[in-house]
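Close look at the chain arrangement
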Amino acid sequence: MGALSRLNHFFWEYKYLFVPGLLFTMISAGFQITVPMVVRQAVDSIPRFVRIHTLYEGTAAQAELYAYFFGGLLLFAGVIIALSATSGLFMFLMRQTVVVASRHIEYDLRNALYDHLQQLSTTFYQEYSTGDVITRATDDIEKVRRYIGPAIMYVTRSLVMVLVAVSVMFVISPTLTLYALIPLPLLAVSVFFMARMVHHRSDLLQQQYSTLTSRVQEALSGIRVLKAYTREDAEADAFDEESEKYKWRNLNLALVESAWRPSFLLLVGLSTIIVVWMGGRLVAEGAITIGNIAEYIIYINMMTWPVASLGFVITMIQRASASVERLHRIMDREPDIADGPRTDASIQSLEGHIAFHNVWYQYDDEEEPALRGVSFDLPADQTLAIVGRTGSGKSTLVRMIPRLLEPDAGRVTVDGHDVSTIPLETLRQHMGYVPQEVFLFSDTVANNIAFGDLDAPDDEIRAAAREADLLENVEDFPDGFETYVGERGITLSGGQKQRTSIARALIRDPRVLIFDDALSAVDTATERNILRSLRERQGNHTLVIVSHRLSAVQAADLILVMEQGNIVQRGTHEELVDEEGLYADLHEKQLLEEEIEAL
Amino acid sequence: MADDETPYMQDDDTVREVNTFDGRLIRRIAQYLKPYAGWVVLALTITLVGSFLGPLRPWLVQQGIDNYIVVGDLEGLQRIILFLFLALIGEGLLSFAENYLTQYIGQRAIYDLRTTVFRHIQDQPLSFFDRTPIGRLITRTTSDVEALSDVLSSGLIVALGDLFKLFFIAYFMFTLNWQLAVVTLLVMPLMVWVTFWFRNNVREQYRETRKQIARLNSFIQEHVTGMHIVQLFNREEEEMDRFEGINDDHRAAHIRTIFYYAIFWPSIEFISTVALAAVLWYGGVGALSGSALTLGVLVAFIQYARQFFEPIRDLSNQYDTLQRAMAGAERIFGVLDEDHHLPEPDDPVELDAVKGRIEFRNVWFAYEDDNEGNPDWVLKDVSFTVEPGETVALVGATGAGKSTVMNLLLRFYEIQRGEILVDGVNIRDLRLKALRRHIGLILQDVFLFSGSVERNLTLGDPSIDEKSMKRAAEIVQADQFIERLPEGYQQDVKERGSSLSHGQRQLLAFVRALLYDPDVMVLDEATSSVDTETEALIQQALERLTEGRTTLAIAHRLSTIQDADMILVMHKGEVRERGTHQELLAQDGLYRKLHDLQYADQSPAASGDGAPSDGRVRANL
Ligand SMILES: Nc1ncnc2c1ncn2[C@@H]1O[C@H](COP(=O)(O)OP(=O)(O)OP(=O)(O)O)[C@@H](O)[C@H]1O
Ligand SMILES: Nc1ncnc2c1ncn2[C@@H]1O[C@H](COP(=O)(O)OP(=O)(O)OP(=O)(O)O)[C@@H](O)[C@H]1O
Ligand SMILES: [Mg+2]
Ligand SMILES: [Mg+2]
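Residues numbered from 1 in each chain as written. Chains lettered and ligands numbered in written order. Predicted model: local features only at pLDDT ≥ 70, side-chain atom pairs only at ≥ 80, totals over all residues. Heavy atoms only, no water.

Helices and strands together make up the secondary structure of chain B, namely 23 helices and 10 strands. For 621 residues, the compact-globule formula gives about 25 Å, and the C-alpha radius of gyration of chain B, at 36 Å, lies well above that figure. The burial tally for chain B puts 58% of its 621 residues in the buried class. Taking as baseline every contact in chain B between residues at least 6 positions apart, the subset at least 24 positions apart corresponds to 78%. Entry remark: accessible area of chain B is about 24600 Å², with carbon and sulfur atoms responsible for 53%. In chain B, the 59 positive side-chain charges and the 87 negative ones have mean positions that sit 3 Å from each other. (Helix = DSSP H or I, 4+ residues; strand = E, 2+ residues; numbered from the N terminus. Rg over C-alpha atoms; globule rule 2.2 N^0.38 Å. Buried < 20%, exposed > 50% of the residue type's maximum accessible area, 1.4 Å probe, protein only. Contact = heavy atoms within 4.5 Å. Areas by Shrake-Rupley, 256 points an atom, 1.4 Å probe, with all protein chains shown as cover. Lys, Arg positive; Asp, Glu negative; His and termini not counted. Charge placed at Lys NZ, Arg CZ, Asp CG, Glu CD.)

If you want it as structure tokens, here you go:
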């Protein structure tokens, strides 16, 4: 439960709501609990009134007495109503403060979480699945909110009511109270055990719910694969199985929960019975009145709910505690890629001279290193091309430049500054990155392009689209730039998606442009157009281009050939074709093809 | 981009006007209980008895007070106590049975509903998935169904139980003292009015909060998946602002809701206390005027005045759940009703083995209509024939419609005009699964499931053994990298295969298609992210494999397709040129242009030194 103490600063922050809120809670409970006392007074008075009234049967005073008693009874009723109205008023105020405060805290928490999420690097997102993160931001925060608002409200209310009621009962008759409260320890014990069982079982249920959700999420995201391979039935069967498991976990939980209410009913009912039984004896002995019995019964009924809810509240608190822990596992994670003490705020602009000094990187301790001591130096405004086999580490290398990854060993520098000393914002502002895997937002084409430069006017968007050779395509769409692309850009063709992603990078007019295999889905003519527009910009940017097509890399000032995380060859196209090795082989192969065609 | 209304908030969970007590909807939900009718009857019987025992107890207490406590008959009191005890135990047991039984029925019905919804969604054609955000569909199968479970399990039975309870309480009250009963019930209209007032207002708010929750969720979902883009493009501040905006709307909607609850709960409490006060006052005055009101009756009424409002309170308490359930049901049935799944032919043609003759005959196709309602043609009058065993390649500019051709062949979408034939049979006359079973498609956008490499290769098909899996991996040159993974074939590739390089993912997709051993291979840029060397190796291996197998390939790298028996050049949805590589080069058309472009760059870049001639010399050797 210690985790919950981490929320304390919120209570402090919203003390202007919590302090009055708790006060209102107590006042409301206090007024509510006095109602039975008045009821007892009334119940006890009625026989007395009747006795006196009949005593004066037939006399003139009777009418006067009648009016007097009538007024008395009206007073009782009025007091009861007044008490209840006051209690209600404060209950209203209580909800308007405590529950509202819980919503404010929920808001703050969620903002804090999202803000933090924005600072976390790829490593984090690799570790946590999307579903997990979403659960943190929704379910877990909701559970915490319930602890902050309703749980605290109920606990305070219950405590006040139970304390007042028990003391009043004690004053009336200690013996009867003791008897009436016999079931209480039993209640406490069963609450504890049941809450624990419920807790455990609902955790299992929650797990299965996540499994089920991710199963659906994956199946539907990969629906094209499932359909192409006619795996729908197998998938549906697998889903049935998970649903079946979910059903049983639900029923396991239901077993305990079904016993929950009856148990309370039994124990509370037992109290009532004891009150009638023992109370009956005490009345016979003249120790208490029948009004007291009525009062006791009301108290016991009044306490039923608070005490019963106490059990739920305990689970609520336990759950909230687990949620806070889960949340803080994310919030406590230091953003591994962020500005720090080493950041040199004076660096405001970059030229684009990129150098790697013996850079090593390993994604996972058990995996082989993806980069093994990579070094190179690329003066500003030059073009670097990287070629190499699938999985040789090309993408890993280029991810280091905008600092999406950080080297395990070695240094990456831009303009001679270690990238970790350049303010992250400055660094990325000067980069235009086209990732290998295209990601578009479900938004219009124009907005997706302008993602790279928020304030870009329409003609700049058009210009960027033209440079990415996308303009013609977009103009063919019925809605042009306002065409809404589906999730991840699903309604665009492969090449259209990729070029939107290129336009998004170009519109920033960056110092460093990074194309990670960004022309794989476009045809030769388009590729050529794009390369041409890039060349027109030559001298305005440093270009890093990863490609499998020699046509795209030949003009580079420096070509790196990678193999299993090493740079095995480097040089210009001319140098490399003369050198024995991978590059010459590739070149030869492509020429050979050309020759054969020409025959 | 500043305006964030449209993208994140389409008509998704804009909760439509749902009447909580919509009879048609309830009947439809009840349909799912039909298979468990026997259990339902049992549960109802138990509920009926249970709701009699509850109100019985105050009556017994009254008997105890009036007949025994007042007169001091402790013996008699003991008997009453015994009855009370039995009633209590009985009520406890029945209540337990009722709770569990309703859950049992509900969970089984929910299971049926959930699996039905999932199968239904899965059966929808791809055009449905193009239009519908996945997040929404996930909501349908999970939380919407979940919301319904409360209604299906306890909802109907508990509601009936509450009604029974009301009835029995009223019965006991009227038998004890009808005047007092009337007085107690006098506050009923007030109660009803408050409940209606609350319901109307909260419904409004409820819709608003649902909308805000949906907005919040889809924002988080999309931004978590695209976080690297947000970071790369320095959009953190703007996105934070937008998030705060959405979060703020969400909070505001909830806070408005709190107000109505804050009024409702105290009012209910207050009204039931008013009833209590009225009972005391009227009872007292009645006693003065000599009516036969006993103390026991008064005490009993004090209890009934509270008990009577409990079921009503329960019902309102359930309101939120009920409203959510009804809205969920509405949406679920909305999905179930909107069925676009392709009808199976009445008299399907059976194809045991496909020889692989494929023919497109004057095919016209549009994904969508344009603004005037005319189809926005993506394919225009496309015709071609692939003979069994032939390899046909599709080339053309991006967006020309190549992938669309493949999509249509697998009948992912329905064509508007023309026909597509496989072995001379119109694909509409084939069972969908039969058609797809014979065609192995490698999609342009690779998708991997999270889970092991093996699961991704076999897609959970137990009939694929390890040996053939490894052999297929060898053919595609994927074996080397798979074996280098720490856990080899059991390695978890993570969401969408994110722990692999892009080319590696593509290789896995290729292995998957091979394992499937289809009669027709359809490759949509299957090696676009794979290096040239590996690609060449794959091609050599494939040549042996595709011997006699019809192959349809799309590629931008012309080198990979020039051996094709026929090349179709597509342009803006039409087949402009067709023929072999040589023929097309000779035609001096689009293909020639593409080809020249692809190889043109190599010469100028290399000119000026001896490199090209070197290459040429070696090549000629
Ligand atoms: N699901 C869809 N919904 C609506 N329009 C679509 C959809 N898929 C593709 N389109 C549109 O249809 C046209 C043809 O797309 P298609 O994917 O067939 O092109 P392609 O020739 O495969 O191009 P690429 O070489 O870029 O992959 C494009 O203009 C595209 O925007
Ligand atoms: N997120 C990751 N987690 C673990 N391993 C990874 C991850 N990303 C890449 N790898 C591994 O690191 C190696 C290098 O991957 P990288 O993506 O840099 O290759 P690449 O040269 O870009 O290949 P491709 O040409 O296929 O894009 C591969 O063996 C890959 O499996
Ligand atoms: Mg890569
Ligand atoms: Mg395509």
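Still more ground to cover, so stick around.
The subject of this paragraph is the coordination of the magnesium ion (ligand 4). Residue and element names in this part refer to chain B. Within the protein, the atoms that donate to the magnesium ion (ligand 4) are Ser403 (OG) and Gln444 (OE1), at distances of 1.8 to 2.2 Å. Taken as a pair, serine 403 in helix α13 (residues 402-409) and glutamine 444 in the loop between β6 (439-442) and α15 (453-458) lie far apart in primary sequence, 41 residues in all. Judged by relative accessible area, serine 403 falls into the partly exposed class, the value being 21%. (Donors = N, O, S within 2.8 Å, 3.2 Å for Na, K, Ca; no water.)

Further remarks concern the coordination of the magnesium ion (ligand 3). Residues and elements named next belong to chain A. Looking at the magnesium ion (ligand 3), one finds its protein donor set to be Ser395 (OG) and Gln436 (OE1), positioned 1.9 to 2.1 Å from the metal centre. Taken as a pair, serine 395 in helix α11 (residues 394-399) and glutamine 436 in the loop between β6 (431-434) and α13 (445-449) lie far apart in primary sequence, 41 residues in all. Across the pair, glutamine 436 and serine 395 agree in class, each one buried.

Our next topic: the packing of helix α18 (residues 502-515) of chain B against helix α19 (residues 532-545) of chain B. All names here are of chain B. Where α18 meets α19, the closest approach of the two axes is 13 Å, and the angle between their N-to-C directions is 10°. Classified by the angle their axes make, α18 and α19 are roughly parallel. In this structure, α18 uses Leu507, Phe510 and Leu514 to contact α19, whose residues at the interface are Ile538, Leu542 and Leu545. A per-class count over the contact of α18 with α19 returns six nonpolar, no polar and no charged. (Axes fitted to C-alpha atoms, helices over the stretch in contact; angles between N-to-C directions. Parallel < 35°, antiparallel > 145°, perpendicular 65-115°, else oblique. Nonpolar A, V, L, I, M, F, W, Y, C, P; charged D, E, K, R; others polar.)

Taken as a whole and assessed by the stated rule, the structure comprises 43 aromatic pairs over all chains. Here phenylalanine 124 of chain A and tyrosine 125 of chain A contribute two aromatic rings whose centre-to-centre distance is 4.9 Å and whose plane-to-plane angle is 90°, an arrangement assigned as edge-to-face. Pairing tyrosine 171 of chain B with phenylalanine 172 of chain B gives two aromatic rings, centres 5.5 Å apart and planes at 65°, and the pair type is edge-to-face. Judged by relative accessible area, tyrosine 171 of chain B falls into the partly exposed class, the value being 45%. (Phe/Tyr/Trp six-rings, centres within 6.5 Å; stacked < 30°, edge-to-face > 60°.)

So, about the site of ligand 1. Contacts to ligand 1 come from 20 residues, most closely from Ser493 and Gly495 of chain A together with Lys402, Ser403 and Thr404 of chain B. Flanking ligand 1 are residues from chains A and B. Interatomic distance of 2.4 Å between a side-chain N/O atom of threonine 404 of chain B and an oxygen atom of ligand 1. Those elements that place two or more of their residues in the shell around ligand 1 are α16 (494-506) of chain A together with α13 of chain B. Looking at the shell around ligand 1 residue by residue, the class counts come to six nonpolar, 12 polar and two charged. (Near = heavy atom within 4 Å. Polar contact = N/O pair within 3.5 Å; in protein donor to acceptor, adjacent residues only side chain to side chain.)

In terms of nonpolar packing, the biggest core is built from 227 residues, with Val39 of chain A together with Phe360, Leu408, Leu409 and Phe510 of chain B touching the most fellow members. For this core, the element with the highest residue contribution is helix α9 (residues 232-285) of chain A, accounting for 17 residues. By size, the runner-up hydrophobic cluster in this structure holds 91 residues, among which are Met153, Phe439 and Leu558 of chain A together with Ile229 of chain B. (Core = buried A, V, L, I, M, F, W, Y, C linked by side-chain atoms within 4.5 Å.)

Here we take up the interface of chain B and chain A. Listed per partner, the contact involves 184 residues of chain B and 180 residues of chain A. Overall, the association of chain B and chain A removes approximately 17700 Å² of surface from exposure, summing both partners, and the carbon and sulfur fraction of that is 63%. Inspection of the chain B/chain A interface yields 12 salt bridges. Of the charged contacts, one joins arginine 484 of chain B and glutamate 368 of chain A as a salt bridge, the two residues approaching to 3.5 Å between their closest N and O atoms. The interface formed by chain B and chain A holds 44 residue pairs in polar contact (both at pLDDT 80 or more) in total. The element contributing the most residues to the side of chain B that touches chain A is helix α10 (residues 236-288) of chain B, with 31 residues. (Buried area = accessible area lost by both parts, 1.4 Å probe. Salt bridge = Lys/Arg side-chain N within 4 Å of Asp/Glu carboxyl O.)

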